[in-house]
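Reading the structure
What follows is each chain in one-letter form.
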Amino acid sequence: MNIHSHSAQSDEGLIFKVNPFTKKIVFTGCIILCLTPFVSPTVALLLGFAVAQFTGHPYMALNHKGTSLLLQFSVVGLGFGMNVHSALQAGKEGIIFTIFSIIGTLVMGYFIGKWLCIDKKTAYLVSSGTAICGGSAIAAISPVILAGEKQVSIALGCIFIFNALALLVFPLVGHYLNLSQSQFGLWCAIAIHDTSSVVGAASKFGAKALEVATTVKLARALWIIPVAFLSTFLFKNPSKKISFPYFIILFVLAIVANTYLPAIAAWRPYLISVAKAGLTLTLFLIGAGLSRKILLAVGFKPLLQGLLLWVMVSLTALYAVMHLA
């Protein structure tokens, strides 16, 4: 169940009406371009968004699964550029912020959703996506609460819109406020929803920011398990089916291998380059999935809930990393 399944091959709302072959040529050309060093993660996201509006995505039905697998592959690859000791330090720094921000976001999301009279499951998915790790949290929690297709689509639409904005805005704010790389990485991990945008924003800021952001964000993603378990009781689902993000184990193994296996050193630059190229391509695919139909389907109230939550979390986290970290 995902945001893309109901809009697979529709050309409704496209600026240019092109035949399927031309659509595939344009799309393939953009993919090749994103694999070159000339396209940054931010540009890739914008390029994907432009494709979604002008010529359309020829493989929309496969987009959600493709972005998920590609992101997991890229995150594991980035682990080969990290060290166990600094990763543990980053994880310890972020755990207190993680606990308070997740609980606070879920509570605020409940009251904002009630205030705006939003459907209970939609509001909960938007809150969970904001609190933990964006689309991954929504994908994991939606079957647990028996959410419908439209509820999932609305929540994912909100999250993807703010992910795109964060990728553009956060590095600008970080530089303007002269945040250190550790501060910026921690802020990204707490305040940006999806792992792809967290890594994309942090990679623009520096290697240390990337390490802190990735480690804290993936530690945060493990909170899918207790939140999903709690959700089974809140929404009275007797099946209690919960999915575990297994790729995080591979990420940890990659860090361990990089730290303790000297033979990895010769391959490290190539592994990291491939991982970063995969991340850039992931962001292109995310942008390409944001069709006009999907954007219009979100609706004002869920979008307002997502915006209020995101602003509150971002400002609180920014204050915390600047004055408390």
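Residues numbered from 1 in each chain as written. Predicted model: local features only at pLDDT ≥ 70, side-chain atom pairs only at ≥ 80, totals over all residues. Heavy atoms only, no water.

1. Description of the overall build of the protein chain
Our working definition: By the criteria applied, helices consist of DSSP H or I runs no shorter than four residues and strands consist of E runs no shorter than two, each listed in order from the N terminus. Using C-alpha atoms as the atom set, the radius of gyration is obtained and then compared with a globule rule of 2.2 Å times the number of residues to the power 0.38. Only protein chains enter the accessibility calculation, which uses a 1.4 Å probe; a residue whose area is less than 20% of its type maximum is buried, one above 50% is exposed, and one in between is partly exposed. Residues are treated as being in contact if the distance between any of their heavy atoms lies within 4.5 Å.
Each helix and strand counted, the protein chain has 15 helices and 0 strands in total. Computed over the C-alpha atoms, the radius of gyration of the protein chain is 19 Å, within 12% of the 20 Å expected from 2.2 N^0.38 for a compact globule of 325 residues. Dimensions of the protein chain along its principal axes, counting C-alpha atoms only, are 50 × 45 × 40 Å. Per-residue burial over the protein chain gives 52% buried out of 325 residues. A fraction of 83% describes how many contacts in the protein chain between residues 6 or more apart in sequence connect residues 24 or more apart.

2. With respect to the packing of aromatic side chains
Selection rule: Here the aromatic set is Phe, Tyr and Trp, taking the six-membered ring for Trp, and pairing holds for ring centres within 6.5 Å; pairs whose planes are under 30 degrees apart are stacked, those over 60 apart are edge-to-face, and all others are tilted. Two thresholds decide whether a charge sits over a ring: the Lys NZ or Arg CZ must be within 6 Å of the ring centre and within 35 degrees of the ring normal.
Under the criterion given, the structure shown has 9 aromatic pairs. An aromatic cluster is defined as three or more aromatic residues linked by ring pairs; in this entry it consists of Phe162, Phe170, Phe184, Trp187, Phe205 and Trp310. Lying over the aromatic face of Phe235, Lys120 brings its terminal NZ or CZ to 5.1 Å of the ring centre.

3. Some words on the environment of Ser314
Filter applied, for reference: The term polar contact refers here to a pair of N or O atoms within 3.5 Å; inside protein, the definition further demands a hydrogen-donor-capable atom paired with an acceptor-capable atom, and it admits residues adjacent in sequence only when both atoms are side-chain atoms.
Of note, Ser314 is situated in helix α15 (residues 300-323). The sequence separation of Ser314 and Thr130 amounts to 184 residues, and the corresponding C-alpha distance is 10 Å. The contact partners of Ser314, leaving out residues within four places of it in the chain, are Phe170, Trp187 and Ala191. Within the local environment of Ser314, its side chain forms a polar contact with the backbone oxygen of Trp310, the two atoms lying 2.7 Å apart.

4. Considerations on unusual backbone geometry
At Cys117, a position not held by glycine, the phi torsion is positive, near 60°. Its location among the elements puts Cys117 in the loop between α4 (84-115) and α5 (120-131). The exposed category is assigned to Cys117, whose relative accessible area is 62%. Backbone geometry places Asn178, a non-glycine residue, at a positive phi of 55°.

5. Focus on the nonpolar core
For clarity, the threshold we go by: Here the nonpolar core consists of buried residues drawn from Ala, Val, Leu, Ile, Met, Phe, Trp, Tyr and Cys, with membership extended through side-chain atoms lying within 4.5 Å.
Residues Leu125, Ile132, Ile141, Phe170, Phe184, Trp187 and Cys188 are the most contacted members of the largest nonpolar core, which totals 76 residues. At 12 residues, helix α7 (residues 149-176) tops the list of elements feeding residues into this core. Core analysis: the second largest hydrophobic core is formed by 11 residues, Cys30, Cys34, Ala44 and Phe284 among them.

6. Some remarks on the packing of helix α9 (residues 195-205) against helix α10 (residues 207-221)
The cut-off we apply is this: The axes used here are C-alpha line fits, helices contributing only the stretch in contact, and every angle between their N-to-C directions lies in the interval 0 to 180 degrees. Should an angle lie under 35 degrees it is considered roughly parallel, over 145 roughly antiparallel, and from 65 to 115 roughly perpendicular; all remaining angles are considered oblique. Left-handed describes a crossing whose near helix is turned anticlockwise from the far helix by less than a right angle; the clockwise case is right-handed.
Contact geometry of α9 with α10 gives a least axis separation of 7 Å together with a crossing angle of 160°. Taken together, the axes of α9 and α10 are roughly antiparallel relative to one another. With respect to the hand of their crossing, α9 and α10 are arranged in right-handed fashion. Across the interface between the two elements, Thr195, Val198, Val199, Ala202, Ser203 and Phe205 from α9 touch Ala209, Leu210, Ala213, Thr214, Lys217 and Leu218 from α10.

7. Focus on the side chain of Thr122
Structurally, Thr122 can be placed in helix α5. Excluding residues that lie within four positions of it along the chain, Thr122 makes contacts with Gln151, Ile154 and Pro302.

8. Here we look at the state of the cysteines
The condition is simple: When two cysteine sulfur atoms are found within 2.5 Å, that pair is recorded as a disulfide.
Summed over all chains, the structure comprises 0 disulfides. Here Cys117 is not cross-linked by a disulfide; its sulfur's nearest cysteine counterpart is in Cys158, at 16 Å. Take Cys188: it sits in no disulfide, and the sulfur closest to it among the cysteines is that of Cys133, at 15 Å. Residue class for Cys188 comes out buried when judged on its relative accessible area of 0%.

9. With respect to the packing of helix α8 (residues 181-191) against α9
Axes are the key here: two packed helices are described by the angle between their axes and the distance separating the axes. Interhelical geometry of α8 versus α9 gives an angle of 170° and a closest axis separation of 9 Å. In terms of orientation, α8 and α9 fall into the roughly antiparallel class. Contacts between α8 and α9 pair Gln181, Phe184, Cys188 and Ala189 from the former with Val198, Ala201, Ala202 and Phe205 from the latter.

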